[in-house]
Amino acid sequence: MSSEKNKSSFANNLEAVEVNEWIESLEAVIQNYGKDSAKIILEAVEKKAKELRVLYEPLPYSPYRNTIPTEEQGTYPGDIAIEEKITAILRWNALAMVMKSNEKYGEVGGHIASYASCAEIFEVGFNHFFKGGDNADLVFYQPHSSPGIYSRAFLEGRLTEHQLNNFRHEAKEDGLSSYCHPYLMKDFWNFPTGSMGIGPLSAIYQARFLKYLSNRSLYKSNKHVFGVFGDGEMDEELSLAGLSIASRENLDNLTFVINCNLQRLDGPVRGNGQIIQELESLFKGVGWNVIKVLWGSEWDKIFDMDTKHLLLKQFADTVDGKYQTLGARDGAYNLKNFFSKDPEVLELVSGLTDSDIDNLKRGGHDFKKLHAAFNLAINTKGKPTVILAKTKKGYGMGKAGESRMTAHQTKKLDLDALKEFRDRFKLQISDKNLESLKFYKPDEQSEEIKYLKNRRQTLGGFIPQRHVDDIKINTPDITEHSKFLFEVSDREYSTTNGLIRILGNILKHKELGPRIVPIVADEARTFGMANLFSQIGIYAPQGQLYEPEDSSSILSYKEAKNGQLLEEGINEAGALSSWVAAGTSYSNHKFPMLPFYIFYSIFGFQRVGDLIWAAADQMPRGFLVGATAGRTTLSGEGLQHQDGQSQLVASTIPNLKSYDPCFAGELAVIFDEGTRRMMKECSNEFYYLTVTNEKYHHPKINLKHKEGIIKGGYLYEDNSNQKLNVNLFGSGPMLRECLEAAKLLYNDFNIGSRVYSITSYSELAKEAREVERFNKLNPESKKKSYVERILDNLDPIVASSDYVRAYSQLIATYLNNKFIALGTDGFGRSDTRKNLRDFFEVDRNHMVVSSLFSLHQIGRLNAEVITKAIKKYKLQTNLDHPWNV
Ligand SMILES: Cc1ncc(C[n+]2csc(CCOP(=O)(O)OP(=O)(O)O)c2C)c(N)n1
């Protein structure tokens, strides 16, 4: 026999001989020297195997059982009997709340099954881990479990029965939000999680921001970030987007608990697979500590008997779709369809009755198992932890919902099901009260209420709770941070450049400077911010472990543990989440910070718009800066880069003030005002500024126009003393086209004009909307909006911006003038600014022709004049509408 053949026949017989010997040796090591020693040996063997290129791929997941063995789980510090009673009451009130709300007022929705599945997870957190008070932990709640959280606050005496009765009726006073919306329940919720995926990402960046504050020696705490999320939710790309930064930056102040009820809305999360094992591989792969809590204490004895690990094998072979069916059926069914598959497995449960089998719980419903996992999680150093808790969707809902395919949408239970529910959880509720869905609140002196309050007191206070103190931070004067704008300058520069100069100056301010959090997503050089690398350092918790290539330069790439700049890499979602963490520091930590995130404007509202919406819900304070803005102003980049819509989207966010200024002086005024209002006056608003990379001259700052700049517009230039006059409105770089158009109108057609610098069509529109409403409700009123007042004439308006027409049209409805909107509807494309503005028909020539046309439309000018102008400016007339091509 050749030696190769020898090797292969040996390999075939390995199982019988060598492998067993190795296994026996391993068992002996464990017995004689303990598990840690066995681990050291295995790691050494693995290392050697890798050196010898013995390439094998160990499974990235562990067996389908609890990570923490029973003997290591420790003793439970709470009173399980009382906690079970409390949980039962919470379950009932949550259920009653959803049912009542729907029965009384019609279909407003609500969910029973999600909270039913995670009640024990939350109770272990509330009774033993989630800190409250000044040092409150940051807890992200699974949104559909909100009824359970309200139920708890009801027992704690923080919400009234009246409020519970108004669950999901927020148009009324005292209504309770469907999900966790801080904006609508300002003293209760902290973090919106209703849009799946946003919670996990935000939680990671909140944990990271706590480390940032600490590493910069600004604010130290031992707060922990907990996030309870759904297993279905983990399919969201945002849920996964931050996992690697969490381990890379050693966020051991972070714990995720994934409520693995194996179901999402329509059906199983992984019918043909095992979501828990999949998530374990995923989290382990990115360096998280993974703790599985799969089986309740009732299983312990069975596992002890299973010396051959046959049960584990059977678990491994069972897909989630089947687990769900098993979960929905009774003990007899489980015996027949699961345990009987292998006679030896059946033997393991031979001493159990059908009802014992029925009562074998999943780990996520077992206080002891959960407590051990939470405890290990918060004591794990150097990495974040995920607890994968296996639960049942609709736990306790019986045939009406437990593990049923339709569980998520079930909003009511019939009387029999309610009785079953009551009996199962041993609730002291009469049939009559069951039928009337009466909320149940034990007496203040009851052991349940006393216990629950005592636990919260020990942990520092109630949560969730949002409490905002007005902490005022002094801000520099405009003459300080924008001194350069008070001097005449011949230099041509972009508004981006102007803003970065202001930022540089603000960073030097003693009180506000350290609180600024500049954030970039790999575009600092693009925006001329590279000097900040060395000036304030790039945040890197491990410092800088290398000598940067450009170390001899004064603009060297400097990473530092106390670095101030957050360089997020090509990661707008992460950058925005950092921005939110910093922008809500005033409410979450009573430590106001002022984030300044500058990004390619199209990669803002368009790419991470939902995160901005969720940010608004949290009432952040800070600046979002859309740079390289404007469809025609970012000239060479093409369709996926040129933004012509962000201002329109921004206009839909109620607490966001968005501006599109033309000149650096205007920008300075807005920046100054925003900084002052957010930091000194503690106003709940945030700002979106668009800035561009087009270079031009900027006039000296003129504070006379301050009010107009802030309100959204002012008369910039008046040449309206002609027989025919028009109003030219322009925002951003389009203002300069308006100024040129005014000259052409006068020189070529003797038409006068008033040029208005519009810094914000949306701010103008918001105010006009208020005035219109006032007048509607006070019919005698003759109140005029601000835009009407600065206009004060009925000449036609040609309104332009480098955004879609709908942006300037925001104000059209409030004015009686003939209104023509010019804008950049359609796909962007690469070309010069001049060609693009011609193509989108927003340049000076088109402004003139539009002005003539507007006068013609109101009967003040003959059509020939327009034809003459079209010829004179050689405008294309055979072009398809650019917004359609
Ligand atoms: C971004 C987003 N997409 C869809 C939904 C609608 N939705 C709400 S709950 C849900 C299923 C949640 O399943 P899972 O995360 O497993 O939580 P469970 O309720 O099962 O515990 C869906 C699809 C949403 N809220 N957010």
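Structural notes, computed from the coordinates.

Cut-offs applied
- Residues numbered from 1 in each chain as written.
- Predicted model: local features only at pLDDT ≥ 70, side-chain atom pairs only at ≥ 80, totals over all residues.
- Heavy atoms only, no water.
- Helix = DSSP H or I, 4+ residues; strand = E, 2+ residues; numbered from the N terminus.
- Buried < 20%, exposed > 50% of the residue type's maximum accessible area, 1.4 Å probe, protein only.
- Areas by Shrake-Rupley, 256 points an atom, 1.4 Å probe, with all protein chains shown as cover.
- Expected span 1.5 Å × (residues − 1).
- Bend = angle between axes of the 7 residues up to and from the residue.
- Patch = residues over 30% accessible without salt bridge, like charges linked within 9 Å, V, L, I, M, F, W, Y side chains within 5 Å.
- Salt bridge = Lys/Arg side-chain N within 4 Å of Asp/Glu carboxyl O.
- Lys, Arg positive; Asp, Glu negative; His and termini not counted.
- Charge placed at Lys NZ, Arg CZ, Asp CG, Glu CD.
- 1 Å grid on protein atoms, 1.4 Å probe; cavity = no way out; pocket = protein on both sides within 12 Å on 5 of 7 lines; lining within 4 Å.
- Points joined across faces, edges and corners; volume = space filled by probe spheres on them.
- Nonpolar A, V, L, I, M, F, W, Y, C, P; charged D, E, K, R; others polar.
- Pairing = 2+ DSSP bridges.
- Axes fitted to C-alpha atoms, helices over the stretch in contact; angles between N-to-C directions.
- Contact = heavy atoms within 4.5 Å.
- Near = heavy atom within 4 Å.
- Polar contact = N/O pair within 3.5 Å; in protein donor to acceptor, adjacent residues only side chain to side chain.
- Phe/Tyr/Trp six-rings, centres within 6.5 Å; stacked < 30°, edge-to-face > 60°.
- Disulfide = S-S within 2.5 Å.
- Parallel < 35°, antiparallel > 145°, perpendicular 65-115°, else oblique.
- Left-handed = near helix turned anticlockwise from the far one by under 90°.

### Describing the overall build of the protein
Here comes step 1: Regarding its fold elements, the protein presents 37 helices and 18 strands.
Here comes step 2: Considering only C-alpha atoms, the protein reaches an extent of 105 × 80 × 55 Å along its principal axes.
Here comes step 3: By residue count, 58% of the 885 residues in the protein fall in the buried class.
Here comes step 4: For the protein, the accessible surface area stands at approximately 37900 Å², while carbon and sulfur atoms represent 49% of it.

### Focus on helix 5 (residues 113–129)
Here comes step 1: Spanning 17 residues, helix 5 covers 24 Å between terminal C-alpha atoms, matching the ideal 24 Å at 1.5 Å per step.
Here comes step 2: Of all the bends in helix 5, the greatest measures close to 50 degrees and is centred on Ala119.

### Observations concerning a nonpolar patch on the surface
Here comes step 1: The grouping of Trp22, Ile41 and Val45 at the surface amounts to a nonpolar patch, some 310 Å² of accessible area in total.
Here comes step 2: Since its relative accessible area comes to 57%, Trp22 is described here as exposed.

### Examining a negative patch on the surface
Here comes step 1: On the surface, a cluster of negative charge is made up of Glu18, Glu21, Glu24 and Glu27.
Here comes step 2: Secondary-structure assignment places Glu18 in helix 2 (residues 15–33).
Here comes step 3: Its relative accessible area of 30% is what places Glu18 among the partly exposed residues.

### Some thoughts on the layout of surface pockets
Here comes step 1: Space inside the second largest pocket adds up to approximately 1300 Å³.
Here comes step 2: Lining the second largest pocket are 46 residues, with Asn359, Lys361, Tyr395, Arg424 and Phe425 sitting closest to its centre.
Here comes step 3: The set of elements that each furnish at least two residues to the lining of the second largest pocket consists of helix 4 (80–105), helix 12 (300–305), helix 14 (320–328), helix 17 (354–358), helix 18 (367–378) and helix 19 (415–424).
Here comes step 4: In the lining of the second largest pocket, the residues fall into 15 nonpolar, nine polar and 22 charged.

### Comments concerning the sheet that holds strand 5 (residues 385–390)
Here comes step 1: As summarised here, the arrangement of the five strands in space is 1-2-3-5-4, forming an open sheet in which the pairing is parallel. Each edge of the open sheet carries a strand with a single partner, namely strand 1 (138–140) and strand 4 (289–293). Taken pair by pair, the neighbouring strands of this sheet meet at an average axis angle of 15 degrees, ignoring direction.
Here comes step 2: Contacts between helix 5 and the sheet are confined to strand 2 (225–230), strand 3 (254–260) and strand 5, with strand 3 contributing the most and set at about 150 degrees to the helix.
Here comes step 3: Lying over the sheet, helix 11 (residues 275–285) contacts strand 3, strand 4 and strand 5, oriented at roughly 165 degrees with respect to strand 4.

### Brief notes about the pattern of salt bridges
Here comes step 1: For the coordinates displayed, the defined rule picks out 43 salt bridges.
Here comes step 2: The partner of Lys706 in a salt bridge is Glu673, and the shortest N-O contact between them spans 3.9 Å. In this pair, Lys706 is assigned in helix 30 (residues 706–711) and Glu673 in helix 29 (residues 664–680), connecting sequence segments 33 residues apart.
Here comes step 3: Judged by relative accessible area, which is 32%, Lys706 ranks as partly exposed.
Here comes step 4: Residue Glu673 is classed as buried on the basis of its relative accessible area of 9%.

### Structural notes on the side chain of Asp137
Here comes step 1: Mapped onto the secondary structure, Asp137 falls in the loop between helix 5 and strand 1.
Here comes step 2: Excluding residues within four positions of it along the chain, Asp137 makes contact with Phe129, Phe130, Lys131, Asn222, Lys223, His224 and Phe226.

### Focus on the sheet that holds strand 14 (residues 713–719)
Here comes step 1: Here five strands make up an open sheet; going across it, the order is 14-16-15-17-18 and the pairing mixed. Sheet topology places strand 14 and strand 18 (819–822) at the edges, where each strand pairs with a single neighbour. Ignoring which end each strand starts from, the neighbouring axes of this sheet average 20 degrees apart.
Here comes step 2: Judged from the six bridges that link them, strand 15 (residues 725–730) and strand 16 (residues 752–758) form a sheet pairing that is parallel. Opposite Gly730, over in strand 16, you have Ser757 as the bridge partner.
Here comes step 3: Along the sheet, helix 31 (residues 734–749) makes contact with strand 14, strand 15, strand 16 and strand 17 (797–800), crossing strand 15 at roughly 160 degrees.
Here comes step 4: Where helix 36 (residues 844–857) meets the sheet, its contacts fall on strand 15, strand 17 and strand 18, and the angle it forms with strand 18 comes to roughly 160 degrees.

### Topic: helix 23 (residues 495–507)
Here comes step 1: Given a rise of 1.5 Å per residue, 13 residues ought to cover 18 Å, and the 18 Å separating the end C-alpha atoms of helix 23 matches this to within 8%.
Here comes step 2: Within helix 23, ten of the 13 residues are buried, which leaves it mostly tucked inside the rest of the structure.
Here comes step 3: Burial in helix 23 covers these residues: Thr495, Thr496, Gly498, Leu499, Ile500, Ile502, Leu503, Gly504, Ile506 and Leu507.

### Points about the site of the ligand
Here comes step 1: Taken together, 18 residues are adjacent to the ligand, and Ser114, Gln142, Gly232, Gln263 and Lys393 come closest.
Here comes step 2: Contacts to the ligand include Gly194, whose backbone N or O atom sits 2.9 Å from a nitrogen atom.
Here comes step 3: Within the contact set of the ligand, an oxygen atom lies 2.6 Å away from a side-chain nitrogen or oxygen of Lys393.
Here comes step 4: Out of a free accessible area of 590 Å², the ligand has 75% covered by protein chains.
Here comes step 5: Classifying every residue of the shell around the ligand by side-chain character gives two nonpolar, eleven polar and five charged.

### Some thoughts on the packing of aromatic side chains
Describing an aromatic ring pair means giving the distance of the ring centres and the angle of the ring planes.
Here comes step 1: Under the definition given, this model contains 57 aromatic pairs.
Here comes step 2: Taking the centre distance of 5.5 Å and the plane angle of 80 degrees together, the rings of Phe126 and Phe130 count as edge-to-face. A single burial state applies to Phe126 and to Phe130, both of which are buried.
Here comes step 3: Residues Tyr803 and Tyr807 carry aromatic rings whose centres are separated by 5.7 Å and whose planes lie at 75 degrees to one another, so their mutual orientation is edge-to-face.
Here comes step 4: By relative accessible area, Tyr803 is classed as buried at 1%.
Here comes step 5: By relative accessible area, which is 0% here, Tyr807 ends up buried.
Here comes step 6: Grouping aromatic residues by their ring pairs yields a cluster made of Phe122, Phe126, Phe129, Phe130, Tyr141, Tyr150, Phe167, Phe188, Trp189, Phe226 and Phe374.

### Digging into the environment of Phe774
Here comes step 1: Along the chain, Phe774 turns up in helix 32 (residues 761–777).
Here comes step 2: Residue classification places Phe774 among the partly exposed residues on the basis of a relative accessible area of 36%.

### Re the state of the cysteines
Here comes step 1: Considering all chains together, one arrives at zero disulfides under this definition.
Here comes step 2: With no disulfide partner, Cys180 has as its closest neighbouring cysteine sulfur the one in Cys118, 11 Å distant.
Here comes step 3: Cys738 forms no disulfide, and the closest cysteine sulfur to it belongs to Cys662, at a distance of 9.0 Å.
Here comes step 4: Residue classification places Cys738 among the buried positions, given a relative accessible area of 0%.

### What about empty space enclosed by the protein?
Here comes step 1: Across all of its chains, the model carries six cavities of 30 Å³ or more by this definition.
Here comes step 2: Of the pockets and cavities examined, the largest cavity occupies roughly 230 Å³.
Here comes step 3: Surrounding the largest cavity, 16 residues form its lining, Trp299, Leu326, Asn334, Leu360 and Arg362 being those nearest its centre.
Here comes step 4: Elements represented by at least two residues in the lining of the largest cavity include exactly helix 14 and helix 17.
Here comes step 5: Looking at which element gives the most residues to the lining of the largest cavity, the answer is helix 14, with three residues.
Here comes step 6: Among the residues making up the lining of the largest cavity, the classes are represented as nine nonpolar, two polar and five charged.
Here comes step 7: Within this model, the second largest cavity holds a volume of roughly 50 Å³.
Here comes step 8: Elements that contribute at least two residues to the lining of the second largest cavity include exactly strand 4 and helix 18.
Here comes step 9: Looking at the lining of the second largest cavity, its residues break down into five nonpolar, two polar and two charged.

### Topic: the packing of helix 5 against helix 18
Here comes step 1: Running from N to C, helix 5 and helix 18 point in directions that differ by 55 degrees, and their axes come no closer than 10 Å. Put simply, helix 5 runs oblique to helix 18. Seen from above, helix 5 lies across helix 18 with right-handed handedness. Two secondary-structure elements touch here, helix 5 through Glu120, Ile121, Glu123, Val124, Gly125, His128 and Phe129 and helix 18 through Phe367, Leu370, His371, Phe374, Asn375 and Ile378.
Here comes step 2: Partitioning the contact of helix 5 with helix 18 into residue classes produces seven nonpolar, four polar and two charged.

### Some details on unusual backbone geometry
Here comes step 1: For the bond from Ile463 to Pro464, the omega torsion is -5 degrees, close enough to zero to count as cis.
Here comes step 2: One can find Pro464 in the loop between helix 21 (447–458) and helix 22 (478–481).
Here comes step 3: Positive phi is not limited to glycine here, since Arg53 has a value of about 60 degrees.
Here comes step 4: Note on placement: Arg53 falls in the loop between helix 3 (35–51) and helix 4.
Here comes step 5: The backbone of Lys874 sits at a positive phi, close to 50 degrees, despite the residue not being glycine.
Here comes step 6: Note that Lys874 resides in the segment after helix 37 (863–872).
Here comes step 7: We classify Lys874 as exposed; its relative accessible area is 73%.

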